Amino acid sequence: MGAIDSIVIDKRVKGIIFDYGGTLDSRGDHWSHVILDGYRKAGFSFATDVFIEAYIYAERALAARPAVSPSDDFRALMRKKIGLEMDWLFANGHIKLSDIGKAQDDIAEFCYRRARECVEESAETLSRLSRDYPLALVSNFYGNLRTVIADFGIDCYFKAIIESAEVGVCKPDPAIFQLGVDALGLSPSDVLVVGDSMSKDILPACSIGCMTALIEGRPWPPVE
């Protein structure tokens, strides 16, 4: 059963905004944990703080020189992100060059399968909720969110998709949640925002007057 199945809907709610990454695709776990699980399954044993540095490097590299295509599904996205992490790990002496090829594919596939499993659980709840409420997706993402959710079969449940790479506004800026509220045609006080991050979802949504629900999982940063 997915984490979002436990949400209790207040009778005041007229529409719902969901975060995507960490909320619908990983049962509340920050994706750094899932990716690190993939490295561990592939046999890597470097320290967690080393991985955190590699993870941050890859995130900054993707922001500085966008390499993600709008047509990339989640498997393709993860292969690119893990490739950047492995570039850093190799450059800093934590893995061998011979480790990169097959392991990169294996870890990307591990992450893709984990996401698909979690999204399939979330889809059951989204299907039920979409019968009674208009739903919107508000996410910090890389410009390929529509492809990702179409591949996972949940795009049909959302009236609006607000992606940071498309609108030029990123969480925790409350303005991105206001865009979601406006897309639903409702007032903030009528909207429930569901997310996995207190700082990026819950507090900014509260600041514009939305109701909120926190999906609790393993937060950033990953720890032993």
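Counting of residues starts from 1 at the beginning of each chain's written sequence and follows it residue by residue. In keeping with the predicted nature of the model, local features appear solely for residues at pLDDT of at least 70, side-chain atom pairs appear and are counted solely at 80 or more, and the whole-chain, interface and lining totals rest on all residues. Calculated side-chain values reflect all of the structure's heavy atoms, with hydrogen atoms and water omitted.

1. So, the sheet that holds strand E3 (residues 160-163)
As a general point, the strands of a sheet are linked pairwise by backbone hydrogen bonds and lie either parallel or antiparallel. Any two strands between which DSSP finds at least two bridges are classified as paired. The way it works is that DSSP assigns letters per residue, a run of H or I at least four long becomes a helix, a run of E at least two long becomes a strand, and they are numbered from the N terminus. An order of E3-E2-E1-E4-E5 is seen for the five strands of this open sheet, with the pairing classed as parallel. Looking at the sheet topology across the chains shown, the edges are occupied by E3 and strand E5 (211-214). Strand-to-strand twist across the sheet, computed as the mean angle between neighbouring axes with direction ignored, equals 20°. Of the pairings in the sheet, the one linking strand E2 (residues 135-139) to E3 comprises four bridges and is parallel in character. Within E3, the residue paired with Val138 across the bridge is Ile162. The axes are straight lines fitted to the C-alpha atoms, using for helices just the contacting stretch, and the angles between their N-to-C directions are given from 0 to 180°.

2. A look at the packing of aromatic side chains
Each aromatic pair joins two rings of Phe, Tyr and Trp (for Trp, the six-membered one) with centres within 6.5 Å, and gets the label stacked for planes under 30 degrees apart, edge-to-face for over 60, and tilted for any other angle. Under the counting rule described, the total for this entry stands at eleven aromatic pairs. Ring centres of Tyr112 and Phe152 lie 5.5 Å apart, and the angle between their planes is 40°; on these two criteria the pair is classed as tilted. Taken together, the residues span a long stretch of sequence, with Tyr112 in helix H4 (residues 100-130) and Phe152 in the loop between helix H5 (145-151) and E3 at a distance of 40 residues. Each of the two residues, Tyr112 as well as Phe152, counts as buried. Of the aromatic side chains, those joined through ring pairs into one cluster are Tyr39, Phe44, Phe46, Phe51, Tyr55 and Trp220. Put simply, a charge is over a ring when the Lys NZ or the Arg CZ is close to the ring centre, within 6 Å, and near the line of the ring normal, within 35 degrees. Its guanidinium or amino end placed over the ring of Tyr112, Arg75 lies 3.9 Å from that ring's centre, counting from NZ or CZ. For each residue, the accessible area found with a 1.4 Å probe, counting protein chains only, is set against the maximum for its type, and the residue is called buried under 20%, exposed over 50%, and partly exposed in between.

3. Here we look at the pairing of E3
Regular strands place side chains that alternate from one sheet face to the opposite one. Residues Ala160 and Ile162 line one face of E3 and the alternating positions Ile161 and Glu163 line the opposite face, and both faces are buried. Regarding topology, H5 serves as the crossover connection from E2 to the parallel E3, and that connection is right-handed. We call a crossover right-handed when, viewed with both strands directed away from the observer, the connection leading from the first strand over the helix to the second proceeds clockwise.

4. Here's the deal with unusual backbone geometry
Between Lys171 and the following residue, Pro172, the backbone shows a cis peptide bond with an omega angle of 15°. Note on placement: Pro172 falls in the loop between helix H6 (164-167) and helix H7 (175-184). Going from Trp220 to Pro221, the amide bond is cis rather than trans, its omega being -5°. For Pro221, the location among the structural elements is in the segment after E5. In this structure, Arg27 takes a positive phi of about 60° despite not being glycine. Counting through the fold element by element, Arg27 comes out in the loop between strand E1 (15-18) and helix H1 (31-41).

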